Amino acid sequence: FPVTIKGGNLVGEIKPERISNIEESVAYWRKANHIHQWFVENCQDGEDNCRQYYVSREQLKELVETCKKVKKSLKKSPKGKKNVEVGWKGGEKMYEQITVAIDTSVADELLPTQPGFFFGGTEYDDYYIQCLDDTIKQIEPLLEEENGEFYYQSSW
């Protein structure tokens, strides 16, 4: 039977001579629909099916550069206010006013938001930019490493 590690605790006895593969989670996104869609389009041949897909170092470099380009354009954009739905209370919809970028042309072209059930917001706001920052911070150190292969797998 396979030996598994659950929650960081060893279950069974692992014999080093039997180890053939080690996986580690090196990046994580939550409700970053624009980043997810980038992987679907650039690494998964358009298939959005929660399977694991190989991602080359060149593709990761491209994603980082794309995030930087989009962030730069959004930071330069004029800002506006928009009311967005944030939930329900007492049977009525609740709204919150957020700041959004007005000129989203570069983001629309390179990293557009994607609607979907539990997929996060579709506004070009501070959360969108935070996802760009998180992506850059997670991936840049990986590109400095010499070994390993990278795979992306979504789950929803």
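Presented here is an overview of the structure given in this document. As the structure is a computational prediction, the values presented were derived from the model and not from experiment.

## Quick word on the side chain of Thr 135
With respect to the helices and strands, Thr 135 occurs in helix H4 (residues 126–144). If we ignore the near neighbours within four places in the chain, the residues touching Thr 135 are Trp 29, Ile 35, Leu 63 and Cys 67.

## Thoughts on the packing of helix H2 (residues 57–76) against H4
The axes of two packed helices give the description: the angle between them and the distance between them. In contact at an axis separation of 9 Å, H2 and H4 are set at 145 degrees when each is read in the N-to-C sense. Crossing handedness for the pair H2 and H4: left-handed. The residues of H4 that touch H2, namely those facing Arg 57, Leu 60, Lys 61, Leu 63, Val 64, Cys 67, Lys 68, Val 70, Lys 71, Leu 74 and Lys 75, are Tyr 128, Ile 129, Leu 132, Asp 133, Thr 135, Ile 136, Ile 139, Glu 140, Leu 142 and Leu 143. Among the residues forming the contact of H2 with H4, the class breakdown is 13 nonpolar, one polar and seven charged.

## Quick word on unusual backbone geometry
In this structure, Lys 31 takes a positive phi of about 55 degrees despite not being glycine. Position of Lys 31 relative to the elements: it lies in the loop between strand S2 (9–11) and helix H1 (33–43). Look at Asp 45: it is not a glycine, yet its phi comes out positive at around 50 degrees. Within the secondary structure layout, Asp 45 lies in the loop between H1 and strand S3 (53–55). We classify Asp 45 as exposed; its relative accessible area is 75%.

The rules behind the values
Residues numbered from 1 in each chain as written. Predicted model: local features only at pLDDT ≥ 70, side-chain atom pairs only at ≥ 80, totals over all residues. Heavy atoms only, no water. Helix = DSSP H or I, 4+ residues; strand = E, 2+ residues; numbered from the N terminus. Contact = heavy atoms within 4.5 Å. Axes fitted to C-alpha atoms, helices over the stretch in contact; angles between N-to-C directions. Left-handed = near helix turned anticlockwise from the far one by under 90°. Nonpolar A, V, L, I, M, F, W, Y, C, P; charged D, E, K, R; others polar. Buried < 20%, exposed > 50% of the residue type's maximum accessible area, 1.4 Å probe, protein only.

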